[in-house]
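Here is how the chains run, residue by residue.
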Amino acid sequence: MRGPRAAQARDRGLAQPRGPALGISVITHLRGTLLSKSPTHAVVDVGGVGYGLAISLITFDQLPPASEAVHLSTYLYVREDRMELFGFADEEEREVFELLIGVSGIGPYSALTVLSGMTLRDLQEAILQERVNELTAIKGIGRKTAERLVLDLKDKVRLSAPATGEAALETHAGASEEAAKALMTLGYAAPAARQAVRKSVEKHTHRPERTTANQTGP
């Protein structure tokens, strides 16, 4: 691509595709030893080579302590001046990342910010249910970008299976949403409100059964 559009792309620091798309499937995962980690970055040693990866808070929360074995899905993003490697706790997070960077105005670091703004399932629900206001609560995501996320991804995003302990919540979805909305009116952020409701439901749904010792008599 030549002319003004190419110049604008260079100014934004984006590579011009040459053959394959910007995401190159050269490095799809890394298995090695975690050398260091922070909420935004991790270094993994693979056979004596240290790979630096940009990560989201979702991935950071699932990383083991430093010096332990780790396995991360990866995405190689190529720009004109450099290549950047992004790491993910699992393939599902990487898939959502790829969907996000396919939206106009969302670069790879903006995509990580979105992934760090709420749980993966909450993000999927917000897009599927067109909860634009929740998406605008994520730092750096304005209303137009949030609306674009919903418009572009509503038919592409699939809802994750509930995490362990969340299956029972599906039967209480309506009541849980109403309870979450009540907390939001009290000033709770939407993700925090829904998390509080989920924990409450789990606590009361999965109570251990009481047993009485020496139940031998009638």
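Residues numbered from 1 in each chain as written. Predicted model: local features only at pLDDT ≥ 70, side-chain atom pairs only at ≥ 80, totals over all residues. Heavy atoms only, no water.

1. Overview of the nonpolar core
Membership of the largest hydrophobic core comes to 30 residues, with the highest contact counts inside it found for F97, L100, L115, L123 and L135. Every element with two or more residues in this core is listed here: β5 (69-78), β6 (83-88), α3 (91-101), α4 (108-117), α5 (120-128), α6 (132-136) and α7 (143-153). Setting aside residues up to four positions removed in sequence, L135 forms contacts with L123, A126, I127, I141, A146, L149 and V150. With 11 residues, the next largest nonpolar core counts L34, A42, I55 and L72 among its residues. (Core = buried A, V, L, I, M, F, W, Y, C linked by side-chain atoms within 4.5 Å. Buried < 20%, exposed > 50% of the residue type's maximum accessible area, 1.4 Å probe, protein only. Helix = DSSP H or I, 4+ residues; strand = E, 2+ residues; numbered from the N terminus. Contact = heavy atoms within 4.5 Å.)

2. Section: the confidence of the model for the chain
Residue-level pLDDT values for the chain average 77, and 62% of them are 70 or greater. Throughout residues 1-21 the model reports pLDDT below 50, and contacts reaching past four residues in sequence, or to other chains, amount to 15 contacts. Within the model, pLDDT remains below 50 along residues 203-218, and this stretch shows 3 contacts once partners closer than five positions in the same chain are excluded. (pLDDT = per-residue confidence, 0-100.)

3. A few points about the UniProt feature "domain: Helix-hairpin-helix DNA-binding motif class" (unreviewed entry) in the chain
According to UniProt, the "domain: Helix-hairpin-helix DNA-binding motif class" (unreviewed entry) feature falls on residues 98-117 and 133-152. Along residues 133-152 one finds 70% helix and 0% strand; the C-alpha atoms at either end are 16 Å apart. (UniProt positions renumbered as here; feature names shortened; annotations may be inferred.)

4. A look at the pairing of strand β2 (residues 29-37)
In the sheet, β2 pairs with β5 via 5 bridges, with the strands oriented antiparallel. Bridged to R31 within β5 is H71. With 4 bridges joining them, β2 and strand β3 (residues 41-46) adopt antiparallel strand pairing. Across the sheet, T33 pairs through a bridge with D45, a residue of β3. In this structure, the hairpin formed by β2 and β3 is closed by a connection of 3 residues. (Pairing = 2+ DSSP bridges.)

5. Some thoughts on unusual backbone geometry
At S67, a residue that is not glycine, the phi angle is positive and equals roughly 80 degrees. Topologically, S67 is positioned in the loop between α2 (57-62) and β5. Among the residues examined, S67 registers a relative accessible area of 63% and is labelled exposed.

6. Examining the packing of aromatic side chains
One pass over the full model with this rule turns up 4 aromatic pairs. Relative to F97, the ring of F86 has its centre 5.3 Å away and its plane inclined at 35 degrees; by these criteria the two rings are tilted. Remark: F97 occurs in helix α3 and F86 occurs in strand β6; sequence separation between them is 11 residues. Lying across the ring of F60, K37 places its NZ or CZ 5.6 Å from the centre. (Phe/Tyr/Trp six-rings, centres within 6.5 Å; stacked < 30°, edge-to-face > 60°. Lys NZ or Arg CZ within 6 Å of the ring centre and 35° of its normal.)

7. Focus on α3
For α3, the complete set of buried residues consists of E93, R94, V96, F97, L100 and I101. Looking straight down α3, one finds that the buried residues subtend no more than 160 degrees of arc, so they occupy a single side. Lining the buried residues of α3 we find α2, β5, β6, α4, α5 and α7. The opening residue of α3, the one whose side-chain oxygen lies 3.2 Å from the backbone nitrogen of E92, is D90. (Arc of directions from axis to C-beta. Polar contact = N/O pair within 3.5 Å; in protein donor to acceptor, adjacent residues only side chain to side chain.)

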